[in-house]
Amino acid sequence: MYAIVRPDGWNFPLLVHVAGAMLLVGALVVVIAVTASALTRGGDAAVLTRLAFRGLLLGVIPSYVVMRAGAEWIASEESVGDPSWVGIGYATADGGLLLILIATGLAWRAARRGGRGGYARAVVALTALLIVAYGVAIWAMTSKPA
Amino acid sequence: MSLYEWLLFLHVLAAFLLVAGLTAYGALVLGGDAARRALAPPAMALWNAGGLGVLVLGIWLALEVDAYELSDGWIIAAIVLWLVASGAGGRLARTLREGGPDKARVQLAVMSLATLALLIDMVFKPGA
């Protein structure tokens, strides 16, 4: 059907971008799993929200930096211009950063309060929103609409 | 969207699920008992669903795209790496049920290295 040909020089920047994006989504999944679990497991709530905060600080944010740096690198190599799929990528990445920073602050507050209540629920909601947004970005990056 | 675009999207989505499962396994192996209780079910579900998805959709993609053959070296390498990662994943799940943190770390390292090599193989497609 198709011959998928990509210049060799694009491969490493693409690897950095994709690896960063995969770790970013993986770390978000860990954060949502432990925070949701904290809301249902009273005894473990404090430990789990501390883990969620560390996951955001040491997993999600560094992965985001790798993903975003890789995106700029591959975009400059490809001279890709501004088609809509690139716009979707930038919108989810840049909007996502704001949500990540808010979620990190909320997770810190949740951890200080023992892990239960409104802050933890807000972290779950924000990370769920981020995962859905990055799902849309994955669709845009693979199908490249327009 | 064409069939190729659907297959590619779902194949890549499955790879994200696989890495999400691997990340969850990493957090539960390196974390304490609370992390283990919270993360064991999603880690196994994501790893298994992602692993099955990448294999089935990857083979379907190889059959769909004229430029690829299942006998291509990079595709055979990917299948071998998938088998290594899946084997280590199965052993890790068993180790976590039975205890044995040292063995779990080694199995996690094997899963991580095989998955990274799989990603490198998919991006660089050596010999394609």
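Residues numbered from 1 in each chain as written. Chains lettered and ligands numbered in written order. Predicted model: local features only at pLDDT ≥ 70, side-chain atom pairs only at ≥ 80, totals over all residues.

Draft legend 1. Just the overall build of chain A, in detail. Check the secondary structure of chain A and you find 4 helices and 0 strands. Starting at the N terminus and ending at the C terminus, chain A contains elements arranged as α-α-α-α. Across its three principal directions, the C-alpha atoms of chain A cover 55 × 25 × 25 Å. Put simply, chain A has 146 residues, and 45% of those count as buried. When contacts within chain A are restricted to residue pairs at least 6 apart in sequence, those whose partners lie at least 24 apart make up 80%. (Helix = DSSP H or I, 4+ residues; strand = E, 2+ residues; numbered from the N terminus. Buried ≥ 20, exposed ≤ 12 C-beta atoms within 10 Å, placed from the backbone. Contact = placed C-beta atoms within 7 Å.)

Draft legend 2. Broad picture of the overall build of chain B. The number of helices and strands found in chain B is 4 helices and 0 strands. Along chain B, from the amino end to the carboxyl end, the secondary structure elements read α-α-α-α. The C-alpha radius of gyration computed for chain B amounts to 16 Å, which stays within 12% of the reference 14 Å derived for 128 residues, consistent with globular compactness. When each of the 128 residues of chain B is scored for burial, the buried share is 41%. Within chain B, contacts between residues separated by at least 24 positions form 70% of all contacts whose residues are at least 6 apart in sequence. (Rg over C-alpha atoms; globule rule 2.2 N^0.38 Å.)

Draft legend 3. Layout of helix α1 (residues 11-40) of chain A. Between the first and last C-alpha of α1(A) there are 43 Å, a value that for 30 residues agrees with the 44 Å anticipated at 1.5 Å per step. α1(A) sits mainly inside the fold: 22 of its 30 residues count as buried. (Expected span 1.5 Å × (residues − 1).)

Draft legend 4. Inspection of the interface of chain A and chain B at higher detail. Taken together, the contact between chain A and chain B spans 28 residues of the former and 32 residues of the latter. For the side of chain A that touches chain B, the secondary structure elements donating two or more residues are α1, α2 (45-78) and α4 (118-143) of chain A. The element best represented in the side of chain A that touches chain B is α1(A), accounting for 15 residues. Each residue belonging to the side of chain A that touches chain B can be placed in one class, and the counts come to 21 nonpolar, 6 polar and 1 charged. (Nonpolar A, V, L, I, M, F, W, Y, C, P; charged D, E, K, R; others polar.)

Draft legend 5. Quick look at the confidence of the model for chain B. All names here are of chain B. Across chain B, the average pLDDT comes to 93, with 99% of residues at 70 or higher. At the level of individual helices and strands, chain B shows its lowest average pLDDT in helix α4 (residues 101-124), which scores 93, and its highest in helix α1 (residues 3-30), which scores 95. As a predicted assembly, this complex carries a pTM of 0.93 together with an ipTM value of 0.92. (pLDDT = per-residue confidence, 0-100.)

Draft legend 6. Inspection of helix α2 (residues 33-64) of chain B at higher detail. Under the 1.5 Å per step criterion, the end-to-end length of α2(B) is 45 Å for 32 residues, consistent within 8% with the ideal 46 Å. Within α2(B), the axis deviates most sharply at Leu39(B), by approximately 45 degrees, and proline Pro41(B) lies no more than four positions further along. (Bend = angle between axes of the 7 residues up to and from the residue.)

Draft legend 7. Inspection of the packing of helix α3 (residues 84-112) of chain A against α4(A) at higher detail. Residues and elements named next belong to chain A. Between α3 and α4, whose axes approach to 9 Å, the crossing angle comes to 165 degrees. Considering their axes alone, α3 and α4 lie roughly antiparallel with respect to each other. With respect to the hand of their crossing, α3 and α4 are arranged in left-handed fashion. Grouping the constituent residues of the contact of α3 with α4 by class yields 22 nonpolar, 4 polar and 1 charged. (Axes fitted to C-alpha atoms, helices over the stretch in contact; angles between N-to-C directions. Parallel < 35°, antiparallel > 145°, perpendicular 65-115°, else oblique. Left-handed = near helix turned anticlockwise from the far one by under 90°.)

Draft legend 8. Inspection of the nonpolar core at higher detail. Judged by nonpolar contacts, the single largest core of 85 residues is most densely connected at Val34(A), Ala24(B), Tyr25(B) and Leu39(B). Of all elements in the fold, only α1, α2, α3 and α4 of chain A together with α1, α2, α3 (73-98) and α4 of chain B reach the threshold of two or more residues within this core. Apart from the residues within four sequence positions on either side, Leu39(B) is in contact with Val30(A), Ala33(A), Val34(A), Ala24(B), Ala27(B) and Leu28(B). (Core = buried A, V, L, I, M, F, W, Y, C linked by C-beta atoms within 7 Å.)

Draft legend 9. Geometry of the packing of α3(B) against α4(B). Residues and elements named next belong to chain B. With their axes 8 Å apart at the nearest point, α3 and α4 run at an angle of 160 degrees to one another. As summarised for this structure, α3 and α4 are arranged roughly antiparallel, according to the angle between their axes. Relative to α4, the crossing made by α3 is left-handed. Considered class by class, the residues forming the contact of α3 with α4 number 18 nonpolar, 4 polar and 3 charged.

Draft legend 10. Just the environment of Ala33(A), in detail. Secondary-structure assignment places Ala33(A) in helix α1. Among the residues examined, Ala33(A) registers 28 C-beta atoms within 10 Å and is labelled buried. Separated by 94 residues in the primary sequence, Ala33(A) and Thr127(A) have C-alpha atoms spaced 9.8 Å apart. Setting aside anything within four residues of it in sequence, one finds Ala33(A) in contact with Ala24(B), Ala38(B), Leu39(B) and Pro42(B).

Draft legend 11. Local environment of the environment of Leu17(B). Residues and elements named next belong to chain B. Within the element layout of this structure, Leu17 appears in helix α1. Accessibility expressed as a C-beta count within 10 Å gives 24 for Leu17, which makes it buried. Residues Leu17 and Val54 lie 37 residues apart in sequence; the distance between their C-alpha atoms is 9.3 Å. Leave out the neighbours within four places in its chain, and Leu17 touches Leu46, Ala49, Gly50 and Gly53.

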